[in-house]
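Observations on the three-dimensional arrangement
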Amino acid sequence: MDRVVLLLSVVCLGVSSQPITDGRLFSIAVGRVQHLHLLAQRLFSDFESSLQTEEQRQLNKIFLQDFCNSDYIITPIDKHETQRSSVLKLLSISYRLVESWEFPSLSLSGGSAPRIQISPKLSELKTGILLLIKANQDGAELFPDNSALQLAPYGNYYQSLGADESLRRTYELLACFKKDMHKVETYLTVAKCRLSPEANCTL
């Protein structure tokens, strides 16, 4: 059903230059990222449960000192800046965050049925966000700042790793994926709320 609505939204956008005000496409996008965020939480929790207590402690310690690949994307520093950001800015940041997972998500997509959903769900979400950007840009540049930004895949993404490094990479990918999907969910939720002047968009 969501696919049908998405296709209908494309047709509507093709014949109208007005921003989407009914929030239907926003609702679909928010629903998509909520699903991905819950999936990320589940995968990360399952992975942590498979580790020994000492392994969890060491990996968490390393992760706190490390960075996610997407940290190079400039995002609001706190909830106040998020609330002050324009709808277009929140959409553009969300698009970049989702796009940054196109390559790393391939490493997360093998094995169980939930993992297989990741890449196609990300692709659908990216398409939906792009439609929202085009509908709400009102003549502005699509990506006015750092439009040529290209993120390299995670440093050891293509390498054959030993057991310890493979464990660390999996932990890093799952933790970063969960973190970024939470960001996108927050930004899209605030952007959707901002369409209604009467709404209280306090985080």
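Residues numbered from 1 in each chain as written. Predicted model: local features only at pLDDT ≥ 70, side-chain atom pairs only at ≥ 80, totals over all residues. Heavy atoms only, no water.

The next thing to look at is the overall build of the chain. From N to C terminus, the chain includes nine helices and zero strands. If you list the helices and strands of the chain from N to C, you get α-α-α-α-α-α-α-α-α. Going through the 203 residues of the chain one by one, you find that 42% of them count as buried. Of the roughly 11300 Å² of accessible surface on the chain, 53% is carried by carbon and sulfur atoms. (Helix = DSSP H or I, 4+ residues; strand = E, 2+ residues; numbered from the N terminus. Buried < 20%, exposed > 50% of the residue type's maximum accessible area, 1.4 Å probe, protein only. Areas by Shrake-Rupley, 256 points an atom, 1.4 Å probe, with all protein chains shown as cover.)

A few words on the nonpolar core. Within soluble globular proteins, side chains that are nonpolar tend to cluster in buried spots. L125, F177 and L188 are the most contacted members of the largest nonpolar core, which totals 45 residues. Put simply, the parts of the chain that give this core at least two residues each are α2 (24–49), α5 (87–99), α8 (118–136) and α9 (163–194). L188 has contacts with F26, A29, V30, V33, L91, S94, L125 and I129, leaving out every residue within four places of it along the chain. (Core = buried A, V, L, I, M, F, W, Y, C linked by side-chain atoms within 4.5 Å. Contact = heavy atoms within 4.5 Å.)

So, about the confidence of the model for the chain. Averaged over every residue, the pLDDT of the chain is 77; the share at 70 or more is 70%. The element-level mean pLDDT for the chain is lowest in helix α1 (residues 2–15), coming to 43, with α5 highest at 95. Low pLDDT (under 50) marks residues 155–161, which in the prediction has 13 contacts with non-local residues, meaning those over four places away or in another chain. (pLDDT = per-residue confidence, 0-100.)

The full count for this structure, using the stated rule, is five salt bridges. Residue R32 is joined to E124 by a salt bridge in which the shortest nitrogen-to-oxygen separation is 3.3 Å. With R32 in helix α2 and E124 in helix α8, this pair connects stretches of sequence that are 92 residues apart. As far as the burial class goes, R32 and E124 line up, both buried. A salt bridge links E99 to K126; the nearest nitrogen and oxygen atoms lie 3.8 Å apart. One end of the pair, E99, is in helix α5; the other, K126, is in helix α8, and 27 residues separate them in sequence. (Salt bridge = Lys/Arg side-chain N within 4 Å of Asp/Glu carboxyl O.)

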